Amino acid sequence: MRSTSVNLLTPRQMAHQSGWSVKSIRKLLAERRIRHLKRGNRYLIPQNAIDEFLDANMVEPESGGEVRCAVEAEGFLL
């Protein structure tokens with residue numbers, strides 16, 4: 001059983017805190033892509049849900065070779 005307290009936010013509060021649109025937050029909820037609690041017709045989102053979503057979906061750059069821009073690849077000097 002969990003004993004930690006969690007700050008729960010409405011989609012509007014989460015949008016304000018994260019800088020994302022309410023529409024984007026609601027879409028993530030509808031697609032069940034972020035953690036949330038549904039009580040009746042209300043959605044409550046843990047304050048760190050967006051951070052968890054970003055951590056899980058972040059694409060890391062490929063390591064290895066040197067990256068060249070398209071202009072350099074064509075032989076132009078910058």
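Rules used throughout
- Residues numbered from 1 in each chain as written.
- Predicted model: local features only at pLDDT ≥ 70, side-chain atom pairs only at ≥ 80, totals over all residues.
- Heavy atoms only, no water.
- Helix = DSSP H or I, 4+ residues; strand = E, 2+ residues; numbered from the N terminus.
- Buried < 20%, exposed > 50% of the residue type's maximum accessible area, 1.4 Å probe, protein only.
- Contact = heavy atoms within 4.5 Å.
- Pairing = 2+ DSSP bridges.

Novice: I'd love a proper account of the overall build of the protein, names of residues and values included.
Specialist: Within the protein, the regular secondary structure consists of four helices and three strands. Order of helices (α) and strands (β) in the protein, N terminus to C terminus: β-α-α-β-β-α-α. Evaluated residue by residue, the protein yields a buried proportion of 18% over its 78 residues. A separation threshold of at least 6 residues defines the contact pool for the protein, and within that pool the share at least 24 residues apart is 46%.

Novice: Could you give me a rundown of the sheet that holds strand β1 (residues 8-9), with the residues and numbers involved?
Specialist: With antiparallel pairing, three strands are arranged side by side in an open sheet as β1-β3-β2. Whereas interior strands pair on both sides, the edge strands pair on one side only; in this sheet they are β1 and β2 (37-39). Here β1 runs beside strand β3 (residues 42-46); their pairing, made up of two bridges, is antiparallel. Bridge pairing in β3 links Leu 9 to Ile 45.

Just distances and angles here, no functional claims.
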